[in-house]
Amino acid sequence: QAILAQGSLQTFLVLAVMMADQPPTKLPRGVLPDGITLPPGTDVMQFCRDLAESGAEFAEQFDRKSENYHGGIVTPVPLNGQRVPESMGGEKEADWRALPEAQLSIEEDFGPEYHAAMAAHKTLGDCKKA
């Protein structure tokens, strides 16, 4: 098995040297969702570098040691309705629990003509079944 592994390594190295002069033309499976491809002429290596940089920037906002942690905002988020955010009305909306419950759905009423037509439709259906 060691000889096989050594042969596989040699084959890989030979292929890597041969392809060093040629930039890759497509991404490995799994980098992008199935069915999504890069536009023709896209520099695959630059795309990979940009993707890695973007992923690092995204992950950095969740690193507690980073100065970009939560965009630099370190104010704790109030829980259980302790405070209403300013963007949602602030102090003047502090009594939000006293608001009336919202109606789950609006009952639609199309008027007496609709109800008469539906009754006729039901009668016709009952006649067909008889």
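Figured I'd write up the structure that's included with this text. Everything quoted here is computed from the prediction, not taken from an experiment. (Residues numbered from 1 in each chain as written. Predicted model: local features only at pLDDT ≥ 70, side-chain atom pairs only at ≥ 80, totals over all residues. Heavy atoms only, no water.)

## So, the packing of aromatic side chains
Move 1: All chains considered together, the criterion is met by two aromatic pairs.
Move 2: Ring centres 5.4 Å apart and planes at 70° place the aromatic pair phenylalanine 58 and phenylalanine 62 in the edge-to-face group.
Move 3: Residue phenylalanine 58 is classed as exposed on the basis of its relative accessible area of 52%. (Phe/Tyr/Trp six-rings, centres within 6.5 Å; stacked < 30°, edge-to-face > 60°. Buried < 20%, exposed > 50% of the residue type's maximum accessible area, 1.4 Å probe, protein only.)

## Description of a nonpolar patch on the surface
Move 1: Judged by side-chain polarity, Phe110, Tyr114 and Met118 come together as a nonpolar surface patch covering roughly 300 Å² of accessible area.
Move 2: As for its placement among the helices and strands, phenylalanine 110 is situated in the loop between α2 (44–60) and α3 (112–129). (Patch = residues over 30% accessible without salt bridge, like charges linked within 9 Å, V, L, I, M, F, W, Y side chains within 5 Å. Areas by Shrake-Rupley, 256 points an atom, 1.4 Å probe, with all protein chains shown as cover. Salt bridge = Lys/Arg side-chain N within 4 Å of Asp/Glu carboxyl O. Helix = DSSP H or I, 4+ residues; strand = E, 2+ residues; numbered from the N terminus.)

## Thoughts on the layout of surface pockets
Move 1: Considering only enclosed or pocket space, the largest pocket measures out at about 300 Å³ in volume.
Move 2: Counted by class, the lining of the largest pocket contains nine nonpolar, six polar and three charged residues.
Move 3: Of the voids in this model, the second largest pocket is the one considered here, and its volume is about 170 Å³.
Move 4: Surrounding the second largest pocket, Tyr69, His70, Ile73, Val74, Thr75, Pro76, Val77, Pro78 and Arg83 form its lining. (1 Å grid on protein atoms, 1.4 Å probe; cavity = no way out; pocket = protein on both sides within 12 Å on 5 of 7 lines; lining within 4 Å. Points joined across faces, edges and corners; volume = space filled by probe spheres on them. Nonpolar A, V, L, I, M, F, W, Y, C, P; charged D, E, K, R; others polar.)

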